[in-house]
Amino acid sequence: MSGGAAMGNDPGFTWPDDDISRVPYQVYTDAEIYAREQENVFQGPTWNFLCLEAELANPGDYKTTYIGEAPIIVTRDEDGGFNGLVNRCAHKGAMVCYTPRGNTRHLTCVYHNWSYDLRGNLAAVAFSKGVGGQGGLAGDFKKAEHGLQRLRIETYRGLIFGSFSNATPAFVDYMGPELLASIDRVLIKPLKVLGYHSQMLPNNWKLYAENTRDSYHASLLHVFHNTFGIVRPNMGGGVQISANGWHHRSYAERVPAGDAEIDKEQVRSLKDQYSLEDPSLMQHVEELGDTVTNSIQTVFPSLVIQQILNALAVRQLVPRGPDRSELFWTILGFEDDDEALLELRLKANNLVGPAGFVSMEDGCAGGLVQRGAAADRLARTVMPMGGRAIEPSVGSRVTEAAVRGFWKGWRECMGI
Amino acid sequence: MHGDMTGLAGDQTLRLRLEALFTDYVHVIDGDQLEDWPEFFTDNGRYRITTRENFERGLPLSVIYCDGQGMMRDRISAMRKANVFDPQTYCHTTSAVQVLGHEDGETQVQSNFTVIRTMNDGAMSVFACGRYLDRISENAGALKFAERIVVIDSRRIDTLLVIPL
């Protein structure tokens, strides 16, 4: 395990000053910075979402995923414990597991048949004693020293997180009480996966990380949002930010009003009288004990926990090079959903995902910045909305405070 | 419908009619006449796009799910008036039409498709390929989709999906 912040190669880069409201474009484009992020952010003192407990229901179940560029296997062992293993054979570095999921007793590398148990211990090496008395492993080879690299693992409310670093605080301390409570608010019951898809984003991963923390854009870029009253600037809500700035939650709640008024807002545009012919996808059963219509929470660096009406999901962000990233959507319901609630969720999911009425633009906006940034890597963005500090906001979501918080976290991990 | 479609002559007539339906469908989409797209469905017809992974594992999630023509028209009006995306066009190629059977006045058909997407800047890519799984019925002399499930082979969608497949 690596030791956390500021251990990487020199990226040849320093932040120009202490101003986190101005981001140099080169952080989105430079290969050296990207390489250093692998070690210092993704393999640094951070908790990275791996998968759900519900996806590994039985002993022997496994799933493959990524932390940054690093391929990871998550297993459930014979005792029911979860294990996070780097998916790289100790022998030659081949990926041990190349299928996305399954159930197995051993993880066996196809290249030379080195075989590991579900905890990553090297159990067997092919021809370890040679053939016909000839060959075999070197006398000083110790199997105990050549297991799969193990991650630290923590679970919270059905989510499984992994960390490469011993410096990462316990998950509850990592999040802080306020943002832990907002996870508790959404993940109230045993989860059920309704489906998966992923979205290839034509931009650096940090542009999407910023986008999810940018509550300023929601009612501007996503015209549909504003039009149909899921998020409007004049709705109640706010932005919560963890004490260290790393994580956030932005939420909007339906302002109490007469039913007729709400019904009207759901199907009519304030801008151009644009109406939905079939508003059934906007129905909302208030199942979480409040009137919140939209709650977007981040867990630094790469997870989003989403509630939009009854559309629940986790989104995992995986970098695919300096100028590309892949967003893995796992769409959720609860185990005890009845048919009507399931149908409601399936319809509400028209709002999100790569074809989502209110989220498809996020796939496009980052690409616009990426193309703009390429022209001048030393120029800087400016994000003055809501001041220059990292302050939570009650009532208003027109702020870039959580984006500034992300950059504080990123700089702390990177040591720059 | 299948009452008229028995025997070799009926089978050949059905195939010609299906081919015409699928041809008209792709030209409406590729020709950007999307306001006509819902008309290929029965009033309460269903259209959904799902991934092969979700479909084969019995997971109910869709990438797009329209239950009835109203939701289809909403898709198109949102695309025209609300959603933001780089201008793009599709070119569909369809093939391998196979009649799977007849039941309750509907014909079940599967076929393959490939969509090449061309962006405003000229970039072209294979955007999607997979299978159409259709239930087709005859209304007032015209064939309509009671259901069209689009099963895309890849779970990964490049940037965004706004034009129907």
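Before reading further, recall that the structure is shown in the block above.
No experiment lies behind these values; they were computed from the predicted model shown.

Draft legend 1. Summary view of the overall build of chain B. Per the secondary structure count, chain B includes 3 helices and 7 strands. For chain B, the sequential pattern of α-helices and β-strands runs α-β-α-β-α-β-β-β-β-β. Compactness check: chain B gives a C-alpha radius of gyration of 16 Å against a globular reference of 15 Å for 165 residues, within 12% of the reference. Seen through its principal axes, chain B has C-alpha atoms that stretch 50 × 30 × 30 Å. The buried share of chain B, taken over its 165 residues, is 49%. Considering only residue pairs separated by 6 or more positions, chain B has 57% of its internal contacts joining residues 24 or more positions apart. For chain B, the exposed area adds up to about 7,300 Å²; of that, 48% sits on carbon and sulfur atoms. With 17 positive and 24 negative side-chain charges, chain B shows a separation of 5 Å between the mean positions of the two kinds.

Draft legend 2. A nonpolar patch on the surface, seen in detail. Residues and elements named next belong to chain A. On the surface, a nonpolar cluster with roughly 390 Å² of combined accessible area is contributed by Tyr 98, Val 110 and Tyr 111. In this structure, Val 110 sits in the loop between β6 (107-108) and β7 (115-116). A relative accessible area of 54% places Val 110 in the exposed class.

Draft legend 3. Representation of the packing of aromatic side chains. Counting across every chain of the model gives 26 aromatic pairs over all chains. On the numbers, 6.4 Å between centres and 35° between planes, the contact of Phe 171 of chain A with Tyr 174 of chain A is tilted. With a gap of 3 residues between them, Phe 171 of chain A and Tyr 174 of chain A both fall in helix α2 (residues 171-175), about one helical turn apart. The buried category is assigned to Phe 171 of chain A, whose relative accessible area is 1%. Given the relative accessible area of 4%, Tyr 174 of chain A is considered buried. With 5.8 Å between their ring centres and 75° between their planes, Trp 37 of chain B and Phe 41 of chain B make a pair best called edge-to-face. One exposure class covers both Trp 37 of chain B and Phe 41 of chain B, and it is buried. Here Arg 249 of chain A stacks its cationic end above the ring of Tyr 251 of chain A, 4.3 Å away from the centre of that ring. The ring of Tyr 25 of chain B has Arg 148 of chain B lying over it, and the distance from NZ or CZ to the ring centre is 4.4 Å.

Draft legend 4. Quick peek at the packing of helix α4 (residues 205-213) of chain A against helix α10 (residues 401-414) of chain A. Residue and element names in this part refer to chain A. Remark: α4 packs on α10, axes separated minimally by 8 Å, with the N-to-C direction vectors making an angle of 140°. It follows that α4 is oblique to α10 by the angle criterion. Viewed along their axes, α4 and α10 form a crossing whose handedness is right-handed. Residue-level contacts link Trp 205, Lys 206, Ala 209, Glu 210 and Arg 213 of α4 to Ala 402, Val 403, Phe 406, Trp 407 and Trp 410 of α10. Partitioned by chemical class, the residues of the contact of α4 with α10 number 7 nonpolar, no polar and 3 charged.

Draft legend 5. Representation of the sheet that holds strand β3 (residues 88-103) of chain B within the structure. All names here are of chain B. An order of β2-β1-β6-β5-β4-β3 is seen for the 6 strands of this open sheet, with the pairing classed as mixed. Whereas interior strands pair on both sides, the edge strands pair on one side only; in this sheet they are β2 (64-67) and β3. Each neighbouring strand pair of the sheet contributes to a mean axis angle of 20°, computed without reference to strand direction. Contacts from helix α1 (residues 7-30) reach β1 (41-51), β3, β4 (106-119), β5 (124-139) and β6 (142-152) within the one sheet, and its direction differs from that of β3 by about 155°. Across the sheet, helix α3 (residues 69-81) lies against β1 and β2, angled at about 60° from β1, the strand it touches most.

Draft legend 6. Structural view of the pairing of strand β1 (residues 48-52) of chain A. All names here are of chain A. Among the 5 residues in β1, 5 count as buried, and that is most of the element. With 4 bridges connecting them, β1 and strand β10 (residues 159-163) associate as antiparallel partners. Residue pairing for β10: Asn 48 is matched across the bridge by Gly 162.

Draft legend 7. The arrangement of the interface of chain B and chain A in detail. The interface is formed by 32 residues belonging to chain B together with 39 residues belonging to chain A. Each partner contributes to the roughly 3,300 Å² buried at the junction of chain B and chain A, and carbon and sulfur atoms together form 55% of this total. Taken together, the connections running from chain B to chain A amount to 6 salt bridges. Between Lys 347 of chain A and Asp 67 of chain B there is a salt bridge, and its shortest N-O distance comes to 3.7 Å. The interface formed by chain B and chain A includes 22 residue pairs in polar contact (both at pLDDT 80 or more). Of all elements in the fold, only α2 (52-56), β2, α3 and β7 (156-158) of chain B reach the threshold of two or more residues within the side of chain B that touches chain A. Top contributing element to the side of chain B that touches chain A by residue count: α3 of chain B, with 8 residues.

Draft legend 8. A look at the pairing of strand β14 (residues 292-299) of chain A. All names here are of chain A. Of all 8 residues that make up β14, 8 are buried, and the element is covered over most of its length. Pairing geometry for strand β13 (residues 248-253) and β14, over 6 bridges, is antiparallel. Its bridge partner being in β14, Arg 249 is matched across the sheet by Gln 297. Bridge count between β14 and strand β15 (residues 303-308): 6 bridges; the pairing is antiparallel. What sits directly across from Ser 295, in β15, is Gln 307. Count of turn residues in the β14/β15 antiparallel hairpin: 3 residues.

Quick notes on the rules
- Residues numbered from 1 in each chain as written.
- Chains lettered and ligands numbered in written order.
- Predicted model: local features only at pLDDT ≥ 70, side-chain atom pairs only at ≥ 80, totals over all residues.
- Heavy atoms only, no water.
- Helix = DSSP H or I, 4+ residues; strand = E, 2+ residues; numbered from the N terminus.
- Rg over C-alpha atoms; globule rule 2.2 N^0.38 Å.
- Buried < 20%, exposed > 50% of the residue type's maximum accessible area, 1.4 Å probe, protein only.
- Contact = heavy atoms within 4.5 Å.
- Areas by Shrake-Rupley, 256 points an atom, 1.4 Å probe, with all protein chains shown as cover.
- Lys, Arg positive; Asp, Glu negative; His and termini not counted.
- Charge placed at Lys NZ, Arg CZ, Asp CG, Glu CD.
- Patch = residues over 30% accessible without salt bridge, like charges linked within 9 Å, V, L, I, M, F, W, Y side chains within 5 Å.
- Salt bridge = Lys/Arg side-chain N within 4 Å of Asp/Glu carboxyl O.
- Phe/Tyr/Trp six-rings, centres within 6.5 Å; stacked < 30°, edge-to-face > 60°.
- Lys NZ or Arg CZ within 6 Å of the ring centre and 35° of its normal.
- Axes fitted to C-alpha atoms, helices over the stretch in contact; angles between N-to-C directions.
- Parallel < 35°, antiparallel > 145°, perpendicular 65-115°, else oblique.
- Left-handed = near helix turned anticlockwise from the far one by under 90°.
- Nonpolar A, V, L, I, M, F, W, Y, C, P; charged D, E, K, R; others polar.
- Pairing = 2+ DSSP bridges.
- Buried area = accessible area lost by both parts, 1.4 Å probe.
- Polar contact = N/O pair within 3.5 Å; in protein donor to acceptor, adjacent residues only side chain to side chain.

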